[in-house]
Amino acid sequence: MNNFTRITLGDYIETLTDYHANGSYKVLKENVELKDNPDYAIMIRTLNFERPDFKDDLIYLNEKEYNYLRKTKVYPNDILMNKIANPGSVYLMPDLKTPVSLAMNLFLIRFNSELNQQYMYYLMKSNEKYIKQFANGTTTLTITKDAVRGLEFNVPPKEEQDNIAAVLSTIEAKIEKNDKINSDLEKMAELIYKYWFVQFDFPDINGKPYKSSGGKMIYNEKLKREIPVFWEVKELETIATCIMGQSPKGDTYNTERVGTPLINGPADYKNGALFGRTYTTAPTRLCEKDDMVLCIRATIGNLVYSEESFCLGRGVAAVRPNNEIKSELIYFQILQEIERFKMQATGSIIKGITKDDLTKSKCLIPNEKLILQFHKLVKPMFDKQRKNREETLKLIELRDWLLPMLMNGQVSVKY
């Protein structure tokens, strides 16, 4: 670290702002109305980064509101920091290909040209523990603008910052590419599913779209709609085993990786895969490799395939198809039920779905030949997604291993 210089952030910050820089509570309430349906701009929130998920549970602004909040327009590579609720946590804004505005409870930070913006994100991210020391408050911890300006860090010369940022950005770009491929594969597989099993235009014996070509349909009382003749409606429990989570005793928990990983809910989903932050030495209900794991409490709907055996906590349930070739079909059948699950969720504090909600789900089942045809078509897409997720998790491990050494000068980058 001989070539590192001690700096104070306030000397290099070009922009440090928050939502209320645009006006008082009263004025903002009169001019801004948040929307659940897609509109001109996204208002970015902490929860979008914590999941991480920039597709679901978004809130929106129209163009007039976005421009009214001109002091907090967010651009790719902007650094965002929590003001309250885990104050000091740092995030880097991705490119969402759409206008973005800053929500409440976040700071937006931009540095001048003397510092590399991406490097500063990685530096601050790797020093969150230090940053969080400056949060204060009797009831709710908060970090102030003055505290942010007063933060001190050791930084290498600008050229070295650029090199480090380039290395880490290359890893991030590969992770982003994998995520994009997986998202495209998911959309492609879902499109086939909807075309075949919602619109009923699966290939008939002549290779033509069944319903559009005059295929025979019959009204089904359970679904209150017409379905192809000879298709069946079955409850999920008749074609799959459903295992509801149940937390082990608290004294069996540990974070030293002793025993079996415990999966509890949305916080245990990472980059489209499951990971156990907590372990238990007395696992109760287990999912197996290739089971589908569904989040059933709080944020209902996350559905992923398990890559290994886990202990199921209260926030999740596992679905294990009785026949492998039905796996992808059941996956999409469950996805079709997510909105109903959310509407029927019960609970005074934390809403969730019951065992009956899951096991009594109605599944539309065609003949075995069509199921096998769909399985052969879609399974390679799912396999590719898994391979990409495995690579992504290894890249994340590499990034997290490199990060502290790059930040403290143990490792240098030269081009």
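Structure: see above.
Scope of this entry: the structure provided in the associated data block. These numbers come from a predicted model, not from an experiment.

Attention shifts here to the sheet that holds strand β16 (residues 260–263). Pairing in this open sheet of five strands is mixed, and the strands run β15-β19-β16-β23-β20 from one edge to the other. Either end of the sheet is taken by a strand with one partner, and the two such strands are β15 (253–254) and β20 (286–287).

What follows is about the environment of C287. Here C287 shows up in strand β20. C287 gets classed as buried once you look at its relative accessible area, which sits at 0%. Taking the C-alpha atoms as reference, C287 lies 5.4 Å from F310; in sequence the two are 23 residues apart. Those residues in contact with C287 that sit more than four places away from it in its chain are V293, S306, E308, S309, F310, L312, A318 and R320.

Mapped onto the fold, I164 is located in helix α7 (residues 158–197). Relative accessible area serves as the criterion here: at 1%, I164 is assigned to the buried category. Put simply, I164 and M407 are 243 residues apart on the chain and 8.6 Å apart in space, counted from C-alpha to C-alpha.

Below, the discussion takes up the layout of surface pockets. Considered as a void within the structure, the second largest pocket measures approximately 650 Å³ in volume. Surrounding the second largest pocket, 23 residues form its lining, L274, F275, E308, L393 and E397 being those nearest its centre. Only β18 (273–274) and α11 (368–407) provide two or more residues apiece to the lining of the second largest pocket. Residue contributions to the lining of the second largest pocket peak at eight residues, all from α11. Residues belonging to the lining of the second largest pocket are distributed by class as follows: nine nonpolar, three polar and 11 charged.

Counting residues in each nonpolar core, the largest one holds 47 residues, and the members touching the most others are L236, L294, V319, I334, L358 and F374. Non-local contacts of V319, meaning those with residues more than four positions away in its chain, are made with L236, A240, T241, C242, D291, M292, I330, I334 and L358. By size, the runner-up hydrophobic cluster in this structure holds 40 residues, among which are I7, L16, V90 and M124.

Before going further, it helps to examine the state of the cysteines. As enumerated under the stated definition, the model contains zero disulfides in all. In this structure C363 is not part of a disulfide, and its nearest cysteine sulfur, from C242, lies 8.6 Å away. With relative accessibility at 2%, the residue C363 sits in the buried group.

Further remarks concern α11. Across its 40 residues, α11 extends 57 Å between first and last C-alpha, which sits within 8% of the 58 Å expected from 1.5 Å per residue. At V378, α11 shows its strongest bend, of approximately 35°, with the proline P380 following within four residues. The opening residue of α11, the one whose side-chain oxygen lies 3.2 Å from the backbone nitrogen of K369, is N367. Where α11 ends, the next residue or the one after it, G409, has phi of about 85°, a positive value.

Before going further, it helps to spend a moment on the sheet that holds strand β8 (residues 100–102). Reading across the sheet, the four strands line up as β4-β3-β8-β5 and stay open at both edges, with mixed pairing between neighbours. Either end of the sheet is taken by a strand with one partner, and the two such strands are β4 (59–61) and β5 (73–74).

Cut-offs and rules
Residues numbered from 1 in each chain as written. Predicted model: local features only at pLDDT ≥ 70, side-chain atom pairs only at ≥ 80, totals over all residues. Heavy atoms only, no water. Pairing = 2+ DSSP bridges. Helix = DSSP H or I, 4+ residues; strand = E, 2+ residues; numbered from the N terminus. Buried < 20%, exposed > 50% of the residue type's maximum accessible area, 1.4 Å probe, protein only. Contact = heavy atoms within 4.5 Å. 1 Å grid on protein atoms, 1.4 Å probe; cavity = no way out; pocket = protein on both sides within 12 Å on 5 of 7 lines; lining within 4 Å. Points joined across faces, edges and corners; volume = space filled by probe spheres on them. Nonpolar A, V, L, I, M, F, W, Y, C, P; charged D, E, K, R; others polar. Core = buried A, V, L, I, M, F, W, Y, C linked by side-chain atoms within 4.5 Å. Disulfide = S-S within 2.5 Å. Expected span 1.5 Å × (residues − 1). Bend = angle between axes of the 7 residues up to and from the residue. Polar contact = N/O pair within 3.5 Å; in protein donor to acceptor, adjacent residues only side chain to side chain.

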